[in-house]
Amino acid sequence: MNTKKVAFYTLGCKLNFSETSTIARSFKDEGFERVEFSEAADIYVINTCSVTENADKRFKTIVKQAQKVNEDAFVIAVGCYAQLKPEELADVEGVDLVLGATEKFKITDYLNDLSKNEMGEVHSCEIDEADFYVGAYSIGDRTRAFLKVQDGCDYKCTYCTIPLARGISRSDKLENVLTNAAEISAKGIKEIVLTGVNIGDYGKGEFGNKKHEHTFLDLVKALDKVDGIERLRISSIEPNLLKNETIDFVAQSKTFVPHFHIPLQSGSDELLKLMKRRYMSGLYTDRVAQIKKVMPNACIGVDVIVGFPEETEERFLETYNYLNELDISYLHVFTYSERDNTPAAEMEGVVSNKVRKKRSKMLRGLSAKKRRAFYESQLGSNCTVLFEGENKEGYIHGFTENYVKVKAPWDPALVNTLHQIKLTSIDEDGIVRFEFAAEKVAL
């Protein structure tokens with residue numbers, strides 16, 4: 001009997017990648033063979049995102065890609081967009097099954113009949129039923145794994161649909177996280193990236209209610225003791241939840257690296273209030289100052305939204321100038337797009353798309369300048385690099401502990417190894433060159 005084949009496509013964040021990997025393992029347990037999305041498969045699973053308008057539009061393109069390879073394949077949509085707008089996805093030509101927030105982890109239960117449907121079949125819950133936790137981690141890339149520690153969000157930011165798509169804030173039990181981390185380490189993966197919707201909220205919902213036994217700091221301290229993990233990296237964490245105690249612990253940790261990604265969204269306090277963020281710019285300034293005080297070479301990434309309602313030219317320049325003065329390393333710039341069922345979509349003071357694009361371009365330019373300045377500040381320093389597994393036009397790339405991207409001529413022996421290096425120069429493409437600090441011996 002021919003083994004059935006399944007392929008996956010993931011849109012969106014690191015959390016989605018960790019969940020796709022876990023869903024893929026459930027298929028493997030049922031005897032399926034996983035293949036690349038570009039290959040012929042019996043089932044194509046698309047893990048959707050709804051953070052930006054672009055992710056919505058890309059979904060249809062991806063369905064068409066699958067149908068080109070095998071027009072008779074069974075196409076399944078899961079993820080945030082599938083929870084928010086299941087009927088809309090079910091209407092897309094070629095889609096057979098749409099699974100919401102709780103159903104996606106039981107995906108193999110829905111595979112009794114793989115014949116094509118006239119109309120997409122929908123199984124999705126009311127989002128307040130998404131109150132249980134399902135652990136996940138990704139091990140697709142041999143050098144790095146995304147480990148999910150938390151899901152959902154209790155914040156009510158006025159632009160965001162994630163609470164509607166993922167439900168309330170809830171966490172994995174600490175012992176489960178530590179077990180998963182040990183499993184990842186045993187597979188020879190050198191770096192674990194902690195991921196979730198709002199990971200600083202870790203601990204909440206450990207028991208299916210709001211009772212806390214552990215905090216994010218407890219989690220960080222416990223993971224630091226797991227044997228065999230070379231590197232731990234904290235993904236995006238809210239500034240109000242990144243406490244000084246955590247920053248100070250990371251500074252002296254043997255495994256946590258000096259790299260933080262902290263959403264700001266706006267440098268204007270008026271806009272932060274309209275967004276219902278839980279801090280003002282002063283708190284953000286303090287967090288950056290504390291990081292740089294105890295880790296002068298730390299890399300700090302920032303999320304920022306441009307074109308939010310009521311973002312006047314003056315308020316935009318307030319954000320631009322604030323970021324320009326701040327000791328940060330790069331920006332992730334998001335152009336605001338209206339999302340259904342969010343308060344911001346009903347706000348006045350709408351910024352035109354043309355102005356949104358112009359402001360986005362300005363901030364992307366500032367990001368390039370910041371990254372260059374950060375890389376230049378690191379030249380001459382000794383670091384540890386973890387090499388990636390891909391041959392990109394004859395080069396192997398890697399990242400230092402503080403997230404400087406480096407390159408060297410392709411050498412397959414370097415893949416998934418750690419080395420001491422000295423950063424020497426910046427190439428034309430903005431990537432850093434280096435020399436090995438000692439003999440090329442993997443750590």
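Here the structure is shown first, and the text comes after it.
Below, the structure is looked at part by part. Just so you know, these numbers come straight off a predicted model, no measurement behind them.

### A few points about the overall build of the protein chain
Phase 1: A count of helices and strands for the protein chain gives twelve helices and 20 strands.
Phase 2: A compact globule built from 443 residues would reach a C-alpha radius of gyration of about 22 Å, and the protein chain, at 22 Å, matches this within 12%.
Phase 3: Judged by the C-alpha coordinates and their principal axes, the protein chain covers about 60 × 60 × 45 Å.
Phase 4: The averaged location of the 68 negative side-chain charges in the protein chain is 4 Å from the averaged location of its 59 positive side-chain charges.

### Remarks on the nonpolar core
Phase 1: Leu147, Leu194, Leu219, Leu223, Ile291, Leu323 and Leu363 are the most contacted members of the largest nonpolar core, which totals 53 residues.
Phase 2: With six residues, the top contributor of residues to this core is helix α7 (residues 216-223).
Phase 3: Setting aside chain neighbours within four positions, we find Leu194 in contact with Leu147, Val149, Ile199, Leu219, Leu223, Leu232, Arg233, Ile234, Ser235 and Phe256.
Phase 4: Membership of the second largest hydrophobic core comes to 22 residues, among which are Leu11, Val35, Ala66 and Val75.

### A look at unusual backbone geometry
Phase 1: For Asn341, which is not glycine, the phi torsion reads 65° and is therefore positive.
Phase 2: When you line up the elements, Asn341 lands in the loop between β15 (330-335) and α12 (353-378).
Phase 3: Of note in the backbone geometry, Asn416 takes a positive phi value of approximately 60° without being a glycine.
Phase 4: Relative to the elements of secondary structure, Asn416 occurs in the loop between β18 (405-409) and β19 (418-426).
Phase 5: Using a relative accessible area of 11% as the deciding quantity, one classes Asn416 as buried.

### Some remarks on the state of the cysteines
Phase 1: Per the stated rule, a full pass over the model turns up zero disulfides.
Phase 2: Take Cys153: it sits in no disulfide, and the sulfur closest to it among the cysteines is that of Cys157, at 6.5 Å.
Phase 3: A disulfide-free cysteine, Cys160 has its sulfur positioned 6.1 Å from the sulfur of Cys157, the nearest such atom.
Phase 4: For Cys160, a relative accessible area of 23% puts it in the partly exposed group.

### Things to note about the packing of helix α8 (residues 244-252) against helix α10 (residues 281-294)
Phase 1: The geometry of α8 relative to α10 is characterised by a closest axis approach of 9 Å and an angle of 25° between their N-to-C directions. Comparing the axis directions of α8 and α10 gives the class roughly parallel. Classified by chirality, the crossing of α10 by α8 is right-handed. Residues Asn244, Ile247, Asp248 and Ala251 of α8 lie in contact with α10, whose contacting residues are Arg287, Gln290, Ile291 and Val294.

### A few points about the packing of aromatic side chains
Phase 1: Enumeration according to the criterion identifies 14 aromatic pairs in this entry.
Phase 2: When the ring of Phe59 is compared with that of Tyr81, the centres are 6.5 Å apart and the planes differ by 85°; the resulting orientation is edge-to-face. Here Phe59, found in helix α2 (residues 53-69), pairs with Tyr81, found in helix α3 (residues 80-84); they are 22 residues apart in sequence, far enough to count as distant.
Phase 3: Here Phe59 falls in the buried class, since its relative accessible area comes to 1%.
Phase 4: When the centroid spacing of 6.4 Å and the interplanar angle of 50° are considered together, the rings of Phe374 and Tyr375 count as tilted. The residues Phe374 and Tyr375 share a single accessibility class, namely buried.
Phase 5: One aromatic cluster is present, built from ring pairs that chain together Phe8, Phe27 and Phe32.

### Points about the sheet that holds strand β14 (residues 299-306)
Phase 1: If you trace the three strands from one edge of the open sheet to the other, you get β13-β14-β15, paired in parallel fashion. The open sheet terminates on both sides in strands that have one partner only, identified here as β13 (259-265) and β15. If you compare each strand with its neighbour and ignore which way they point, the axes differ by 20° on average.
Phase 2: Sheet analysis places β14 next to β15, joined by six bridges and oriented parallel. Of the residues in β15, the one forming a bridge with Val306 is Thr335.

### A word on the sheet that holds strand β5 (residues 97-99)
Phase 1: If you trace the six strands from one edge of the open sheet to the other, you get β2-β1-β3-β4-β5-β6, paired in parallel fashion. A strand with exactly one partner marks an edge of an open sheet, and here the two such strands are β2 (33-35) and β6 (121-123). Within the sheet, the average angular offset between the axes of one strand and its neighbour, ignoring direction, is 25°.
Phase 2: Pairing analysis gives three bridges linking β5 to β6, with the strands arranged parallel. Counted as the bridge partner of Leu97 is Glu121 from β6.
Phase 3: Across the sheet, helix α1 (residues 14-29) lies against β1 (5-10), β2 and β3 (43-48), angled at about 175° from β1, the strand it touches most.

### Some thoughts on the pattern of salt bridges
Phase 1: With the rule as written, the count across this model stands at 22 salt bridges.
Phase 2: When the shortest N-O distance is used, the salt bridge between Arg144 and Glu191 registers 3.0 Å. Linking Arg144 in strand β8 (residues 144-148) with Glu191 in strand β11 (residues 191-195), this pair joins segments that are 47 residues apart in sequence. Each member of the pair Arg144 and Glu191 is classed as buried.
Phase 3: Across the pair Lys407 and Asp429 runs a salt bridge, and its minimum N-O distance is 2.9 Å. Taken together, the positions of Lys407 in strand β18 and Asp429 in the loop between β19 and β20 (432-436) put the pair 22 residues apart, joining distant regions of the chain.
Phase 4: One network of salt bridges, with partners in common, ties together Glu19, Lys104, Lys148, Asp151, Arg166 and Arg170.

Calculation rules
- Residues numbered from 1 in each chain as written.
- Predicted model: local features only at pLDDT ≥ 70, side-chain atom pairs only at ≥ 80, totals over all residues.
- Heavy atoms only, no water.
- Helix = DSSP H or I, 4+ residues; strand = E, 2+ residues; numbered from the N terminus.
- Rg over C-alpha atoms; globule rule 2.2 N^0.38 Å.
- Lys, Arg positive; Asp, Glu negative; His and termini not counted.
- Charge placed at Lys NZ, Arg CZ, Asp CG, Glu CD.
- Core = buried A, V, L, I, M, F, W, Y, C linked by side-chain atoms within 4.5 Å.
- Buried < 20%, exposed > 50% of the residue type's maximum accessible area, 1.4 Å probe, protein only.
- Contact = heavy atoms within 4.5 Å.
- Disulfide = S-S within 2.5 Å.
- Axes fitted to C-alpha atoms, helices over the stretch in contact; angles between N-to-C directions.
- Parallel < 35°, antiparallel > 145°, perpendicular 65-115°, else oblique.
- Left-handed = near helix turned anticlockwise from the far one by under 90°.
- Phe/Tyr/Trp six-rings, centres within 6.5 Å; stacked < 30°, edge-to-face > 60°.
- Pairing = 2+ DSSP bridges.
- Salt bridge = Lys/Arg side-chain N within 4 Å of Asp/Glu carboxyl O.

Limitation: the analysis is restricted to geometry and does not speak to function.
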